[in-house]
Structure formats: structure tokens, C-alpha cells
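An overview of the molecular structure
Given next are the chains, with one letter for each unit.
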Amino acid sequence: MNMSRSEFRKNVATVMAGATGAQALPLLAAPLLTRMCTPADIGTFSVWLGVVAVASIVATLRFEAAMVLDHGKRQQRLCFGVVGYCASLLAVALTASLVLARLAGVPALEAMPWFGLLTVGPATWLTATTQTTLAFAASHKLFDKAAKAKVLAAATIAVTQLALLYAGLEGAALLAGQLIGLGAGLCAARLLVSPPAARLRLTLSEAQRGYLVKHRAFWRYSLPSSLLNTLVGQLPLFMIGFHHGALAAGLFALTQRVLNAPIALLAASVLDVFKRQAVHEFQAAGHCRDIYRATFKTLLLLGIGPALVLGLFSPQLFSWVFGPEWRPAGELARILAPLCFLNFVASPLSYVFFVAGQQKVELLWQVALFAMTAAVFMAPLSLHGSLLGYAVGRSLLYVAYLAMSYRYAGGTRLAAPL
């Protein structure tokens, strides 16, 4: 197992190097974005991005997680075919539905620009296909190539958004830059890792339908669980906008963007490596306790420093980096710093629930998290009071989540996949 841990650390270092590079330019660009965009622009973009995030989970049926577990050539080709079919169907249906709803005068869509409505579908398809391609890379230990694709995508998004803002596109620049960056990242990923070509048809083939049945636990339990998790992430933004106005929503959107950066890249990089190592260890030894402990320690060391800095100095940092008008966002970041740390640690380790066949347990946890979040933000509290209640409630749930994941990492398989 020592060799396994050594390989794990080497792979994490490789993926983290790419993730750090992918994050460097967007972080440098963020102070410029906040000075070239209004909080309302960032709020609108964040809502659009949230819709894309939710829709892309539906588009993959969470089969990108199955890619690592079932990594035979034929099975992976089937996976790409199923995801390609579902993503294409959803993209068309989603675009048509949003356009029809806007024409029908649905109030919730009247504030969204037409460009945003028409690009939700293409962005969903690009995101779902990219996620599946990167999962293919992780299943074959092509971490360096996946990292290069992420760097290119992140750099293209940042540069394009700034260029389009400078050209005067205003809020639409953020959406257009995201689309261009997603396209560049997907092209780079496919060129670098050479995944199987998806065979798209008007209907699923018999083999593809068999793949759906074989991995039904993912769309039965992992899909609704991931949907709830993503909705929980977006619900505070929606509720803050509803109760406290667009300015507060814009401030919170920037707070989320800054706090989620290490989770989206660094923790995700650890997850890419942990997936493969955990599956291998579980199959070989009947448990993945060793790699779990190594991952847990790595995440603690990576996360404790930034969490302390945010908890102590975030108002001053936000004011200095993003401009004085963004200091209130730093106050929100200070409240959420401990929760951000626990989320950073728990997110990669969640894959244990898939390895041990405990998707149903994770779904129940996500239901509890969603119920807690909805209850807190529906209560008649101030903005800071709502965020404090949310941070405390979610932190307690994360402690229980880590305890359960460690239990399932130890011993023989506790439950067969459903």
C-alpha cells in the first residue's frame, strides 16, 4: 500500500499543478471583472451558470462516475453514446422550453436576456461532454493531459470575458466567454486523451439500453443526489435575491465564486486521483481505508491555511482585491469560511459512497441538506443571520457525512450496488 500512496501523491501533484495553472489566470482576472461588471451582471451570469450546472448533471445521468468503475473499452464507448444522446436531447428540449416559456410571459424568465436563454442548451451539452471526457482521462490515469485541457479552458474563459467586456458587450461578455472557453476545453480534451467517438442515433441501441440497466444505481440515486446537492448550492443565491434584492445577490455571487474556486479545482483534482485509487484498493483488498486516510490528510493540509486567512482577513482582502464596494462580500465570506473548509475536505471523499454501493444513503443525506437549507432561508432572518444558520447547519451535516464515508471506506463491501 506504500507504493499506492506514493503513486497517489504523485498523481495528486500532477493534477494539482494543472488545476493551479487553470485557476491562476481567472483569479488574476477577477479584480478586473468586478471593476468592469456590476453586481447585477455577475448575479445574472451566476444564475445562468447555475442552470447550466443543474442541467449538465441531468444530461450525464451521473455516468461520468461510472466511467472509472467500468473502464473496459466497449463499456466506455457505450457510456459516451448514452451521455451524448441524453445531452443532445436535453439541450434541444431545454432551449425550446425556455424560449416558449419566455414567449408565454413567464415572469421568472423576463429578466434573463435572450442570449442567455438561447445558450443554456449548448452550454449544457458542452459541460456534460467535457465532464465525461475528463472522467475517461481519469480512468486511464491521463491526469497530465486532463490538466492541460482544464488550463486551456480556464485561460480561454478569462481572456475572452475580459476582451469582450473591453469591447463593450457588458453582461453578455460573461456568457459568451464561458461558452467559448467550454468549447476550447472540450476540443483540447478530445485531442489529448482520444476518447471513443460517441455513436449518436435517434434512439438508444439495445447495448446502450443494457448499459442504462447495468448502471441504474447512478441515475436512480446518484443523479437525484447530485441534483439536490447542486440545487442546495444555488438555493441561497435565489433566496437572497428574492428576500434581500439584486445587490445582495450580486455580493453573494462573488462570495460563492471566490470560496468555490479551491473546491472546484483543487478538491476536484484530488477527486480525479482518488477515484481510480479507491476503486483499485477496494477491488484488491475489500476496503479503501488507506487511500481514504491519505486523501483526508492531504485535504486537511491544503484547506486549513486558506480557511484561516478567509476567516480572519476576508473583508480587508475583498476590499483590496475587488474594490471597496465589494467589502460586504468579504463579510459574507468570513461567515462561510469554516463551511467552505469542511466542504473542501468532504467533497472528494464522497466517491466512497459510489465505490461501496451506498448511493441511496448519500441521497438521503442530500435530502436532509436540502430541507435544512430551504428551512433556514425561508425563515424571517437578516442576511447575516440566514448565512450563519446555513453555515452551522451544513457544517454539522458535513461532520456526519465524513463519519459515514469513513465507515464505508473500511472493511468489505457493505452493500452491493442497487
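Parameters and conventions
Residues numbered from 1 in each chain as written. Predicted model: local features only at pLDDT ≥ 70, side-chain atom pairs only at ≥ 80, totals over all residues. Heavy atoms only, no water. Helix = DSSP H or I, 4+ residues; strand = E, 2+ residues; numbered from the N terminus. Contact = heavy atoms within 4.5 Å. Areas by Shrake-Rupley, 256 points an atom, 1.4 Å probe, with all protein chains shown as cover. Salt bridge = Lys/Arg side-chain N within 4 Å of Asp/Glu carboxyl O. Buried < 20%, exposed > 50% of the residue type's maximum accessible area, 1.4 Å probe, protein only. Phe/Tyr/Trp six-rings, centres within 6.5 Å; stacked < 30°, edge-to-face > 60°. Expected span 1.5 Å × (residues − 1). Bend = angle between axes of the 7 residues up to and from the residue. Polar contact = N/O pair within 3.5 Å; in protein donor to acceptor, adjacent residues only side chain to side chain. Core = buried A, V, L, I, M, F, W, Y, C linked by side-chain atoms within 4.5 Å. pLDDT = per-residue confidence, 0-100.

**Observations regarding the overall build of the chain**
Within the chain, the secondary structure is distributed over 16 helices and zero strands. Residue pairs at least 24 apart in sequence account for 82% of intrachain contacts in the chain once pairs closer than 6 positions are excluded. Of the roughly 17900 Å² that the chain leaves accessible, carbon and sulfur atoms contribute 69%.

**Examining the pattern of salt bridges**
Tallying each qualifying case throughout the model produces one salt bridge. Arg62 is the salt-bridge partner of Glu64, the closest N and O atoms lying 2.2 Å from each other. By relative accessible area, Glu64 is classed as buried at 9%.

**Comments concerning the packing of aromatic side chains**
For the coordinates displayed, the defined rule picks out 11 aromatic pairs. Aromatic side chains Phe45 and Trp48 sit 6.0 Å apart centroid to centroid with 20° between the ring planes, which places their arrangement in the stacked category. Here Phe45 and its partner Trp48 are both found in helix H2 (residues 39-60), three residues apart, which amounts to about one turn of the helix. As far as the burial class goes, Phe45 and Trp48 line up, both buried. On the numbers, 5.3 Å between centres and 55° between planes, the contact of Phe318 with Phe322 is tilted. In this pair, Phe318 and Phe322 are both assigned in helix H12 (residues 289-322), four residues apart and thus about one turn of the helix distant. Neither Phe318 nor Phe322 differs from the other in exposure class; each is buried. One aromatic cluster is present, built from ring pairs that chain together Phe353, Trp365, Tyr398, Tyr401 and Tyr408.

**Some details on unusual backbone geometry**
A negative phi angle characterises most non-glycine residues, just as the trans form characterises most peptide bonds. Phi angles above zero are rare outside glycine, and Arg62 is one such case at about 65°. Summarising the element assignment, Arg62 is placed in the loop between H2 and helix H3 (63-69). The phi dihedral of Ser194 is positive, around 50°, even though this residue is not glycine. As for its position among the elements, Ser194 is in the loop between helix H8 (171-193) and helix H9 (206-214). Taking relative accessible area as the criterion, Ser194 reaches 54% and is therefore assigned exposed.

**Considerations on H12**
Taking 1.5 Å per residue, 34 residues should reach 50 Å; H12 reaches only 42 Å between its end C-alpha atoms and comes up short. Phe313 marks the point of greatest bend in H12, at about 85°, and the proline Pro315 comes within the next four residues. Backbone geometry just after H12 places Gly323 at a positive phi near 115°.

**Describing the environment of Ser350**
Tracing the sequence through the fold places Ser350 in the loop between helix H13 (327-349) and helix H14 (351-355). Spatially, the C-alpha atoms of Ser350 and Lys275 are 9.8 Å apart, while their sequence positions differ by 75 residues. Among residues more than four places away in sequence, those in contact with Ser350 are Glu362 and Tyr401.

**Looking at the side chain of Arg62**
Looking at Arg62, the relative accessible area reads 14%, which means it is buried. A distance of 2.7 Å separates a polar atom in the side chain of Arg62 from a polar atom in the side chain of Ser226. Residues contacting Arg62, with those up to four places away along its chain left out, are Ile57, Phe218, Ser222, Leu223, Ser226 and Phe354.

**Comments concerning the nonpolar core**
The biggest cluster of nonpolar side chains holds 118 residues, and the ones touching the most others in it are Trp48, Phe63, Phe274, Leu336, Tyr351, Leu387 and Tyr390. Per-element accounting of this core gives the leading share, 14 residues, to H13. Sequence-distant contacts of Trp48, that is, excluding residues within four places in its chain, are made with Met112, Gly116, Thr119, Val120, Ala123, Leu175, Gln178 and Leu179.

**Regarding the confidence of the model for the chain**
Residues with a pLDDT of 70 or more make up 88% of the chain, whose mean pLDDT is 82. Here helix H1 (residues 2-36) stands out as the element of the chain with the lowest mean pLDDT, 65, in contrast to H8, whose mean of 93 is the highest. The low-confidence segment residues 413-418, where pLDDT is below 50, has 17 contacts with residues more than four positions distant or belonging to other chains.

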